[in-house]
Amino acid sequence: MRYLILIAVWGLCASIQPEPSSRGVFGVRVSIGSNSQINTYVCFLDNGRVLTQKKMFDEKSFIKIVSGTWPSIYNPKRINYFEENNISCGIDKDSVTLIESTYCAPFDSLWKIRFATYPFITRIEPGWGNKLHKPSLKQEKYLYDRYNVASVDANFFMDSAFWLILHDVTDPVWIRSYKAMRD
């Protein structure tokens, strides 16, 4: 009996819980991943020293976590960070079927910062990148200076840069300025 209590106490103490000072950090990378999706979504915990507990998510799961719809170690208080940052993303519930669906207009535009045209044959739509499959040198420098993203292939738009890029890709003035950056 003592062993069972000892194992139960050890299991309770060893369970993975974020440190009280940890906060969720969200990010996106604009690069075609192994799942043939253009955007890769990631969550981390920031304990004030390092980013830990990295986990990749598909778009729907990511929206549910960041909006506070799903419980998560990355959003334990279930805060709607999209609403808090004035981003038009979230969950819609059909009034008849009660089926939930996710939406996020800025996510649908992120591919445009990298590509000159939509990278798959499913639709023909121009992007804002001034080279076929990547931004121009001026655009790359701008992405580094403004968002600390040295490479759209390798780096995530993280934390405050994540929220900033989501605002920017919906701003017509920003879009015109970004498209005009040519080598």
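What comes next concerns the included structure. All values reported here derive from a predicted model rather than from experimental measurement.

Some thoughts on the sheet that holds strand S6 (residues 157-158)
Move 1: Taken in spatial order, the four strands line up as S3-S2-S1-S6 in an open sheet, and their pairing is antiparallel. Either end of the sheet is taken by a strand with one partner, and the two such strands are strand S3 (51-57) and S6.
Move 2: Looking at chain direction, strand S1 (residues 23-30) and strand S2 (residues 39-46) are connected through eight bridges and run antiparallel. Note that in S2 the partner of Val-28 across the bridge is Tyr-41.
Move 3: Running at roughly 35° to S2, helix H2 (residues 59-66) makes contact with S1, S2 and S3 of the sheet.

Looking at the pattern of salt bridges
Move 1: Per the stated rule, a full pass over the model turns up six salt bridges.
Move 2: For Asp-159, the salt bridge identified is with Arg-23, shortest N-O distance 2.6 Å. A residue pair is termed long-range when its members are at least 10 positions apart, and Asp-159 in the loop between S6 and helix H6 (160-168) and Arg-23 in strand S1 qualify at 136 residues.
Move 3: Take Asp-159: its relative accessible area is 26%, and that puts it in the partly exposed class.
Move 4: The exposure class of Arg-23 is partly exposed, given its relative accessible area of 37%.
Move 5: For Lys-141, the salt bridge goes to Asp-145, with nearest N and O atoms at 2.7 Å. Placement of both Lys-141 and Asp-145 in helix H5 (residues 137-147) is noted, with a separation of four residues, approximately one turn of the helix. Like Asp-145, Lys-141 is exposed.

A short note on the side chain of Lys-112
Move 1: Looking at the secondary structure, you find Lys-112 in the loop between helix H4 (105-109) and H5.
Move 2: A relative accessible area of 13% means that Lys-112 is categorised as buried.
Move 3: There is a polar contact of 3.0 Å between the side chain of Lys-112 and the side chain of Glu-125.
Move 4: The residues touching Lys-112, leaving out its near neighbours within four places in the chain, are Glu-125, Pro-126, Gly-127, Trp-128 and Gly-129.

Quick look at the packing of H5 against helix H7 (residues 172-179)
Move 1: Between H5 and H7, the least distance of the axes is 10 Å, while the angle of their chain directions is 135°. Accordingly, the angle class assigned to the pair H5 and H7 is oblique. Here Gln-139, Tyr-142, Leu-143, Arg-146 and Tyr-147 of H5 lie close against H7, whose contacting residues are Trp-174, Tyr-178 and Lys-179.
Move 2: In the contact of H5 with H7, the residues fall into five nonpolar, one polar and two charged.

The rules behind these values
- Residues numbered from 1 in each chain as written.
- Predicted model: local features only at pLDDT ≥ 70, side-chain atom pairs only at ≥ 80, totals over all residues.
- Heavy atoms only, no water.
- Pairing = 2+ DSSP bridges.
- Helix = DSSP H or I, 4+ residues; strand = E, 2+ residues; numbered from the N terminus.
- Contact = heavy atoms within 4.5 Å.
- Axes fitted to C-alpha atoms, helices over the stretch in contact; angles between N-to-C directions.
- Salt bridge = Lys/Arg side-chain N within 4 Å of Asp/Glu carboxyl O.
- Buried < 20%, exposed > 50% of the residue type's maximum accessible area, 1.4 Å probe, protein only.
- Polar contact = N/O pair within 3.5 Å; in protein donor to acceptor, adjacent residues only side chain to side chain.
- Parallel < 35°, antiparallel > 145°, perpendicular 65-115°, else oblique.
- Nonpolar A, V, L, I, M, F, W, Y, C, P; charged D, E, K, R; others polar.

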